[in-house]
Amino acid sequence: GRVLTRNVRAFLQVRNRVNKGMQETLTVDPESFLAFNNGLALTATSVDRELRGGELRLRLIEGLQIVNGGQTTASLHHAKYRRGLDLSAVMVQAKLSVIDEESAQVYADDIARYANLQSPVRMADLASSSAFLVEMERLARLEDFSYGGRYPARPWFFERVRGQYASLIAGDQHRADLRRRQYPAARRFDKVTLARAELAWMQQPGAVASGGERAFAAFMTEIAKRGGAPDEVYFRRAVARLILWNDTAQAVTELELGGYNLPVA
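Residues numbered from 1 in each chain as written. Predicted model: local features only at pLDDT ≥ 70, side-chain atom pairs only at ≥ 80, totals over all residues. Heavy atoms only, no water.

Caption draft 1: Quick peek at helix 9 (residues 191-201). Counted residue by residue, helix 9 has nine buried out of 11 residues, so it is predominantly covered. Turning to helix 9, its buried residues are Lys-191, Val-192, Thr-193, Leu-194, Ala-195, Arg-196, Ala-197, Glu-198 and Leu-199. If you check the start of helix 9, you find a side-chain oxygen 3.3 Å away from the backbone N of Val-192, and it comes from Asp-190. Directly beyond the C-terminal end of helix 9, a positive phi value near 60 degrees is found at Gln-203. (Buried < 20%, exposed > 50% of the residue type's maximum accessible area, 1.4 Å probe, protein only. Helix = DSSP H or I, 4+ residues; strand = E, 2+ residues; numbered from the N terminus. Polar contact = N/O pair within 3.5 Å; in protein donor to acceptor, adjacent residues only side chain to side chain.)

Caption draft 2: Region of interest: the pattern of salt bridges. Counted according to the given criterion, the structure contains 11 salt bridges. One salt bridge connects Arg-241 with Glu-198, and the closest N-O pair in it is separated by 2.6 Å. Here Arg-241, found in helix 12 (residues 232-254), pairs with Glu-198, found in helix 9; they are 43 residues apart in sequence, far enough to count as distant. Taken as a pair, Arg-241 and Glu-198 share a single burial class, namely buried. Residues participating in the shared-partner salt-bridge network are Glu-137, Arg-141 and Arg-160. (Salt bridge = Lys/Arg side-chain N within 4 Å of Asp/Glu carboxyl O.)

Caption draft 3: Inspection of the sheet that holds strand 5 (residues 94-98) at higher detail. If you trace the three strands from one edge of the open sheet to the other, you get 4-1-5, paired in mixed fashion. Either end of the sheet is taken by a strand with one partner, and the two such strands are strand 4 (65-68) and strand 5. The average angle at which neighbouring strand axes cross in this sheet is 35 degrees, direction not considered. Pairing of strand 1 (residues 40-44) with strand 4, which is carried by three bridges, proceeds in the antiparallel orientation. Among the inter-strand pairings, Leu-42 is bridged to a residue of strand 4, identified as Ile-66. (Pairing = 2+ DSSP bridges. Axes fitted to C-alpha atoms, helices over the stretch in contact; angles between N-to-C directions.)

Okay, here's the thing in structure tokens:
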């Protein structure tokens, strides 16, 4: 506990999804822990090093604190002392910053803050390379149609990978305006919005309202059950359902009924 006093979180127990995954890796594939885990960020007020066998090694560390990686540390402790697992094959990467005592707390807080503010990878991101979504992206670049005279005949931009649309617009400053006209923001939709609109059409309001990640997981499960790849007909109908989704959400929002609401794409 003393080496975790500057960590920003207590142990979230093995019920936490990430910690549960660590326990599974430690049980069935401990050699892969180094590859799967982000490791630890540590601080110390001083270190003593020595040359041994031609290698520079740490002999003594003073003021050691784990400022990021508390869940990893606690998960390893739980696996060894609560479950009795053999951790001899487990390796953990670590980054050690040596700082003076006066700056230790502020520096440790900054490390914890910035390490935990880095863009998290969502579960939906990990499914971006699925064959279904790849084909949806291809169709989005090919299908060009108008909608009741309300929009010019421009494509709908399907954002398979998070940040893809912003990267396209910002990629070439000289062509940014052209890109915006070619792919208007109002015609952009991502995989989570697609999932919610499709699940609504499938009459699964519980899945729609369960949150973006869970809704996407439910949608991908439905897609796996049905099998097959999307085609031009499916893509056009999916866009039509998305238009219904957006227009309905807008109409309900304007009624100012309050309560739970879902974002417009």
